[in-house]
Number of protein chains: 2
Amino acid sequence: MAKTKGRVTLPSETGFLEETKEIMERWGADALRDSDGTKLDDDLKALDAKIYMTYFVARGHNEFARAHMEECQQLYLMSQRHTAVEEKLLISFMDGYFQEQVIPDYIHDPKKWWEVIDRTSGEAVPADAWELDQEQHRITLYAVPFHEYTVSFLVYAIWDPTQMYNHITNDWGERPHEIPFDVRQSSSGAFAKEYLIQWLKDNPSTDVVRFTTFFYHFTLVFNDLAKEKFVDWFGYGATVSVQALEEFEQEYGYALRPEDLVDNGYYNSPFRVPSKHYLDYMDFIQRFVVRKAKELVDLVHAAGREAMMFLGDNWIGTEPYGKYFGEIGLDAVVGSVGGGVSLRLISEIPHVKYTEGRFLPYFFPDTFYEGNDPVPEAMRDWIRARRAIMRKPVDRIGYGGYLSLAYKFPAFVDYIEKVTDEFRLIYDSIKGVSPYCGLKVAILNSWGTLRSWQPYMVAHELRYKQCYSYMGMMESLSGMAVDVSFLSFADIRENGIPADIDVMINAGDAMTAFSGGEEWLDPAITTAIRRWVWNGGGFLGVGEPTACHANGRFFQLADVLGVDKELGFTLSTDKYFTQEQSGHFIRMQSFKEDQSNIENSSPAEDRSIIENPSAAENLKFTENQNDFLAQHDGKPQITFDFGEGVKNIYAIDEKTEIIEYSDGEVHAAAHPYGKGYGVYFAGLPYSFANTRLLMNALYYAAHRTGDILTWYSSNPACEVHAYPGTGKFAVLNNTLELQKTTVCDGRQWKKYDLQPGEIIWGTTRED
Amino acid sequence: MAKTKGRVTLPSETGFLEETKEIMERWGADALRDSDGTKLDDDLKALDAKIYMTYFVARGHNEFARAHMEECQQLYLMSQRHTAVEEKLLISFMDGYFQEQVIPDYIHDPKKWWEVIDRTSGEAVPADAWELDQEQHRITLYAVPFHEYTVSFLVYAIWDPTQMYNHITNDWGERPHEIPFDVRQSSSGAFAKEYLIQWLKDNPSTDVVRFTTFFYHFTLVFNDLAKEKFVDWFGYGATVSVQALEEFEQEYGYALRPEDLVDNGYYNSPFRVPSKHYLDYMDFIQRFVVRKAKELVDLVHAAGREAMMFLGDNWIGTEPYGKYFGEIGLDAVVGSVGGGVSLRLISEIPHVKYTEGRFLPYFFPDTFYEGNDPVPEAMRDWIRARRAIMRKPVDRIGYGGYLSLAYKFPAFVDYIEKVTDEFRLIYDSIKGVSPYCGLKVAILNSWGTLRSWQPYMVAHELRYKQCYSYMGMMESLSGMAVDVSFLSFADIRENGIPADIDVMINAGDAMTAFSGGEEWLDPAITTAIRRWVWNGGGFLGVGEPTACHANGRFFQLADVLGVDKELGFTLSTDKYFTQEQSGHFIRMQSFKEDQSNIENSSPAEDRSIIENPSAAENLKFTENQNDFLAQHDGKPQITFDFGEGVKNIYAIDEKTEIIEYSDGEVHAAAHPYGKGYGVYFAGLPYSFANTRLLMNALYYAAHRTGDILTWYSSNPACEVHAYPGTGKFAVLNNTLELQKTTVCDGRQWKKYDLQPGEIIWGTTRED
């Protein structure tokens with residue numbers, strides 16, 4: 001493979017010049033960056049590379065901040081729940097919070113801005129029924145005995161959450177706590193601009209200002225033991241201030257209550273179906289953030305530099321997939337890549353000139369310590385992200401941390417050299433060329449495009465028991481040869497269902513924003529989808545799709561899906577349908593034809609193609625599943641893993657094709673509905689098998705089974721991506737082992753032997 | 001054991017005189033009965049035994065019924081759900097119903113008595129928007145496309161469900177279908193009385209009229225393939241008629257809608273939290289049934305006979321635990337015994353002179369066929385029911401079916417001879433003597449005493465996946481040394497919590513009548529229970545207790561239970577408490593002391609008692625669980641089986657004592673609340689281990705751990721029942737194997753070796 005250069009960002013550090021030059025050469029890096037705890041000295045900045053500098057807008061200026069503590073960022077917090085056991089109740093509302101992070105706001109009148117709520121009746125306690133003791137951080141209220149009460153109170157945040165996390169984790173001792181200030185306030189707003197102007201002057205060799213990030217940190221609150229208490233990577237908690245609330249009221253004509261933000265202590269988690277008030281508030285914050293961010297970006301541009309945004313930390317309100325993001329005028333976004341989903345989350349961000357993925361492992365001692373081999377982690381991460389890159393590449397990759405640490409691991413340096421070359425080869429081969437997509441899929445939830453590639457996350461892509469069975473579906477889709485879009489219930493109400501969608505997916509636990517909750521009681525939604533499926537659309541549900549108990553159903557589209565969940569109310573009704581259909585199309589591990597006339601044609605240079613025109617024809621069977629079964633009898637079937645699954649699902653009628661039935665429950669099923677199809681899975685954690693299962697299901701739901709062999713890999717551990725615009729295609733081994741697979745381009749089959757992690761490129765053109 | 005006689009009912013049949021005499025002698029039977037398909041001839045009736053005769057009130061008189069088809073019983077049925085795909089929709093509402101069982105009622109105006117419902121909007125379709133085609137049993141309506149519709153229609157039932165079931169199951173061919181008529185109608189009501197008067201004259205040798213049963217069958221509807229479609233052993237479906245609805249409106253001042261009875265197709269399953277309208281209707285029907293039943297029972301008494309009611313079949317509206325049942329004036333109730341729960345369901349029925357349990361196996365060819373041994377089934381059934389008999393005996397036991405069949409199995413005849421002797425010995429030993437109860441337990445649900453011993457049943461005690469984890473708790477309680485009562489939410493609202501209750505239990509799936517659903521949003525309920533627990537009560541939840549999502553909680557009494565269920569909304573909130581407490585009191589399989597000074601004192605005649613006064617003292621530890629742990633370190637712990645369990649349960653605070661934690665979830669926990677305790681289990685299917693677990697939990701919840709050794713068996717497969725009034729106690733081996741156990745009477749321990757199924761009797765009195 002010819003040595004190539006570019007599209008790679010390297011972290012470096014003071015006093016590491018020669019090694020940096022060596023690695024720049026080997027990895028083909030064309031940009032250098034600082035990281036948390038590292039600085040670039042002038043020698044480094046003089047190298048032939050773009051220089052990125054991390055820039056903090058709203059923290060790290062304690063001299064200013066200390067002089068304007070009334071402009072610290074604010075949050076609404078909810079106290080612990082307290083039960084009154086007599087008619088008087090004392091609530092020490094700061095209990096359980098970390099007083100080094102937050103302090104109560106006694107500047108603004110608590111009687112106006114705070115709220116004591118009776119969580120038994122659901123009602124707010126009148127302000128004249130409670131008293132505040134500012135010395136003790138305590139509220140005394142006249143209570144109804146054995147009702148539960150909480151206090152919603154405003155605090156000032158006096159410690160930036162990211163610095164706090166790093167400070168505590170790395171035991172930074174006396175290092176000052178960075179105080180986060182709110183650029184909505186007059187002094188802070190002015191300071192942020194002035195400081196940047198000066199900084200740009202002071203840092204002439206910086207080519208790219210790497211905003212980390214803008215103004216408001218995602219919600220991260222610690223407890224009194226300095227441990228994480230609440231984390232929401234999407235949370236608008238820290239955007240609040242009395243000024244914001246006043247401006248909101250002025251603009252919208254109604255005042256938000258503390259409860260609009262506290263939300264029973266859920267703080268409008270993205271799992272909550274968003275209220276009208278919260279959506280208004282988000283829009284209000286977005287418009288402010290975008291306006292202020294544009295001011296800073298304009299300054300960067302005026303100074304002849306590029307503006308790059310880090311996707312995380314103080315990113316709240318930027319909403320890269322929102323209506324306003326483009327107005328900021330950013331040149332680039334960089335984000336951390338944990339897998340295919342986060343890769344796509346970055347690479348699909350619109351309105352920027354380029355995107356960059358910061359890959360794992362981070363060059364920190366947690367991975368780079370003596371005795372540990374960082375290569376396997378790097379391989380796994382790369383291979384997992386790579387399948388998403390094949391669909392929509394980031395424009396650059398990079399790393400972070402201490403280069404000097406990574407340098408001590410020559411095998412790692414070797415491996416990343418291969419990765420960077422491979423990345424450039426992929427990028428040069430496919431950038432700007434649309435990959436072949438067999439189907440167009442839309443994911444329907446309460447958030448729609450605003451939260452593209454972001455569903456089911458709590459903290460940034462951590463594995464949660466309640467999420468992985470849905471995140472897995474997203475991960476599968478991130479590298480699958482389908483076009484993925486996002487759709488909200490409001491979109492359907494306003495614009496109907498886009499005409500080009502083949503399959504709509506609704507997936508999530510009941511009553512969450514991802515399944516949709518009471519949205520399913522709106523006939524405008526259910527009738528639009530029913531009509532669309534009836535006319536040929538595919539509807540795929542995972543978990544508790546369309547769930548909201550009403551009118552005799554839990555799944556409001558049980559008639560489409562062919563299954564519903566037994567809640568206990570229909571135990572008296574006999575359930576007749578329990579027979580699993582062995583060998584259902586959706587369950588087939590592979591549709592590979594008899595191999596006798598398939599030639600082993602690896603390496604890819606051999607482009608002689610065996611004619612086998614009947615391959616795809618054989619899969620055009622959906623009108624008669626029995627014919628299919630007879631034909632594919634005995635072929636390997638997928639071993640199911642539904643992850644957390646969902647209990648008590650049953651088939652509602654005789655048309656339901658039960659694909660998996662065990663423990664008295666259905667976990668996978670398909671159901672014809674007019675010219676369309678409903679398909680159900682109890683869960684889809686990420687695996688090669690489930691990716692195959694999902695792909696089969698999508699083609700089945702779309703009544704497009706006959707097309708599945710167009711760019712098809714018989715081995716689910718391998719995938720094939722094709723680029724009709726150039727005639728190129730790539731066969732990927734997604735494992736760290738040797739793999740064999742047979743690929744069909746829709747007409748003929750061809751065999752490949754792949755090394756661990758290998759890509760074999762081919763072309764369909766005889767040029 | 002001395003031969004005893006009485007308290008046993010034998011089925012017999014024509015031409016089986018000598019064998020009947022032999023078995024009467026061996027089993028000590030003092031009553032003979034006919035059964036389905038058998039008759040007693042005069043020779044048999046002349047024997048020294050009470051004669052029971054099965055009597056059907058509302059079926060089996062086809063000559064009368066055919067002449068009064070407009071007086072057939074009626075039901076409201078809901079058609080299948082149909083989706084409109086254009087503005088006109090045809091619904092063949094009889095589809096899926098069995099036309100030999102039900103026919104549409106075209107006599108009463110369908111426009112008035114039927115209802116077409118839009119199940120997408122939840123609204124009824126105006127009567128002028130649909131047309132009925134009586135020829136085709138079809139309704140045509142003006143529909144909103146892609147809304148779902150159902151028709152609620154009145155039918156006449158033209159075949160008694162029990163006879164239908166037997167007829168179809170046994171392939172009775174041309175035998176006439178017995179037509180059920182409605183005694184509310186004038187001719188039928190008169191006929192029922194006149195016929196009984198004549199029948200009493202015609203059957204002078206009948207001592208006991210065994211009503212099977214009165215007027216209205218539990219809801220049992222078949223489908224178009226003559227298979228069961230809907231079965232609700234508690235259903236009032238077949239009590240309806242136009243006349244009943246008119247009388248209801250007159251009395252209550254409002255009209256019921258068909259939907260009040262159809263209830264989204266759930267037909268007011270007992271799992272539904274009952275609506276006010278349905279409760280009114282039930283009360284209305286009960287008063288009618290009781291009034292009419294009393295007329296018949298009075299006739300029986302006037303003829304000098306006894307009136308016995310069969311608990312089942314046409315029992316609807318009698319509600320043996322209801323307000324009116326006593327007014328019927330019955331002498332006895334007989335019911336089928338499947339285990340401890342159904343035994344208690346029969347034995348606790350008030351207002352009758354005696355109760356009788358019909359034991360299994362039934363003498364039918366499904367069990368009594370060549371090659372099968374009916375003894376093991378008989379042993380299991382007897383042993384399971386026996387522990388409930390020890391708490392509250394039925395007054396008689398009996399069997400049913402073909403005695404000639406059972407006679408062919410001498411080992412069975414031998415075994416039942418032992419059973420009947422054992423039953424009489426138990427009965428004579430304990431009847432009228434209160435058993436020792438360590439605690440008083442109340443089961444809280446929407447039904448309260450009305451449905452004593454009936455929760456969680458669909459068909460009569462069949463095992464359902466969604467129920468067995470709760471039924472198991474009932475089965476455990478049925479033979480446990482605790483006083484069990486039933487309590488409704490209305491009871492608490494009206495009368496508060498009875499002062500003598502030690503532990504309240506709320507168990508069931510969310511939103512069912514057994515957990516209570518929206519009842520938990522009534523502060524009158526939650527505050528009453530909180531106050532009561534705070535002051536020392538115990539609250540035990542199983543499954544999804546107190547569940548109704550509101551105000552930031554799913555379990556409304558999460559503060560008492562110490563656990564809640566993660567619905568996805570608090571994933572952002574860190575869950576700190578995951579540490580299982582090994583060796584928790586509740587988990588201890590046995591508190592048996594060191595055995596060195598415990599004497600093997602079986603057989604029971606040896607009453608020398610070892611002094612060991614510290615035994616019970618050692619368990620007084622609840623103030624300090626750690627002391628307890630140290631003391632009981634290494635003792636065997638219970639292996640958990642939570643049955644279906646509940647997912648995603650987490651501990652809410654540091655006070656929660658996690659007894660079992662696995663798969664990222666809590667399945668058993670305890671939680672102090674004031675002077676009281678909450679305890680949680682994810683499920684309690686019936687087993688010896690779970691019975692022990694439940695008993696431990698009840699004592700723990702009640703803060704009465706120090707009392708648990710009063711009548712305690714170290715081996716959970718054995719139980720001890722004591723009768724302080726007489727000084728007797730009984731040690732039971734509840735298995736078919738040999739068992740050893742050590743029994744504590746609260747002061748000292750004593751060892752027992754028990755034969756399979758053995759009872760060893762003892763006494764605490766030196767008389």
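In short, a report on the structure. Predicted model, so just to flag it, every value in this text is computed and none were measured.

Turning our eyes to something else, we now look at the overall build of chain A. Regarding its fold elements, chain A presents 20 helices and 36 strands. By the compact-globule yardstick of 27 Å for 767 residues, chain A fits well, its C-alpha radius of gyration being 28 Å. Principal-axis analysis of the C-alpha atoms gives chain A an extent of 85 × 75 × 50 Å. Looking at chain A residue by residue over its 767 residues, the buried ones come to 65%. A separation of at least 24 residues holds for 74% of the contacts in chain A among residues at least 6 apart in sequence. On chain A, roughly 27,100 Å² of surface is accessible, and the fraction owed to carbon and sulfur atoms is 48%. If you average the places of the 73 positive and of the 112 negative side-chain charges in chain A, the two averages end up 4 Å apart.

Here the focus is the interface of chain A and chain B. Often, the extent of an interface is quoted as the loss of accessible area on bringing the components together. Between chain A and chain B, the residue contacts involve 58 residues of the former and 59 residues of the latter. Between chain A and chain B, a total of about 5,200 Å² is buried, with carbon and sulfur atoms accounting for 51% of that surface. Applying the counting rule to chain A against chain B returns eight salt bridges. Note that Glu148(B) and Arg530(A) form a salt bridge whose closest N and O atoms lie 3.6 Å from each other.

Our focus in this paragraph is the pairing of strand β35 (residues 749-754) of chain A. All names here are of chain A. In the sheet, strand β34 (residues 739-745) pairs with β35 via six bridges, with the strands oriented antiparallel. Each bridged residue has a counterpart across the sheet, and for Cys 744 the counterpart in β35 is Trp 749. Where β34 hands over to β35, the hairpin turn is made up of three residues, of which Gly 746 adopts a positive phi near 110°.

Our focus in this paragraph is the pattern of salt bridges. A complete count under the given rule lists 92 salt bridges over all chains for this structure. One salt bridge in this structure joins Arg587(A) and Glu580(A), with 3.6 Å as the shortest N-O distance. Taking the relative accessible area as the measure of exposure, Arg587(A) reaches 16% and is therefore buried. Classification of Glu580(A) by relative accessible area gives partly exposed; the value is 29%. The network of salt bridges with common partners includes Lys465(A), Glu644(A), Lys647(B), Asp663(B) and Glu665(B).

All names here are of chain B. Sheet architecture is open: three strands sit in the order β31-β34-β35, paired in antiparallel fashion. Both outer strands of the open sheet, β31 (710-713) and β35 (749-754), are each paired with one neighbouring strand and no more. For this sheet, the mean angle separating the axes of adjacent strands, direction not counted, is 20°.

All names here are of chain A. Taken in spatial order, the seven strands make up an open sheet running β21-β20-β22-β23-β30-β29-β28, and their pairing is mixed. With partners counted over all chains shown, the strands left at the sheet margins are β21 (482-488) and β28 (657-662), one partner each. Within the sheet, the average angular offset between the axes of one strand and its neighbour, ignoring direction, is 15°. Inspection of the sheet shows strand β20 (residues 439-445) paired to strand β22 (residues 503-508) by three bridges, in the parallel sense.

Moving on, we get to the state of the cysteines. Following the criterion strictly, the structure yields zero disulfides over all chains and no others. Looking at Cys744(A), it has no disulfide partner, and the nearest cysteine sulfur is the one in Cys718(A), 15 Å off. Assessed through its relative accessible area of 0%, Cys744(A) is described here as buried. Among the cysteines around Cys548(B), which has no disulfide bond, Cys548(A) carries the closest sulfur, lying 13 Å off.

Expressed as a screw transformation, the operator carrying chain A onto chain B has a rotation angle of 180° and an axial translation of 0.0 Å, and the superposed copies differ by an RMSD of 0.0 Å. Put plainly, the chains are arranged around a two-fold axis. Closest approach to the rotation axis among the C-alpha atoms of chain A is made by Lys647(A), whose C-alpha sits 4.7 Å away.

Calculation criteria
- Residues numbered from 1 in each chain as written.
- Chains lettered and ligands numbered in written order.
- Predicted model: local features only at pLDDT ≥ 70, side-chain atom pairs only at ≥ 80, totals over all residues.
- Heavy atoms only, no water.
- Helix = DSSP H or I, 4+ residues; strand = E, 2+ residues; numbered from the N terminus.
- Rg over C-alpha atoms; globule rule 2.2 N^0.38 Å.
- Buried < 20%, exposed > 50% of the residue type's maximum accessible area, 1.4 Å probe, protein only.
- Contact = heavy atoms within 4.5 Å.
- Areas by Shrake-Rupley, 256 points an atom, 1.4 Å probe, with all protein chains shown as cover.
- Lys, Arg positive; Asp, Glu negative; His and termini not counted.
- Charge placed at Lys NZ, Arg CZ, Asp CG, Glu CD.
- Buried area = accessible area lost by both parts, 1.4 Å probe.
- Salt bridge = Lys/Arg side-chain N within 4 Å of Asp/Glu carboxyl O.
- Pairing = 2+ DSSP bridges.
- Axes fitted to C-alpha atoms, helices over the stretch in contact; angles between N-to-C directions.
- Disulfide = S-S within 2.5 Å.
- Least-squares fit on C-alpha atoms with pLDDT ≥ 70 in both.

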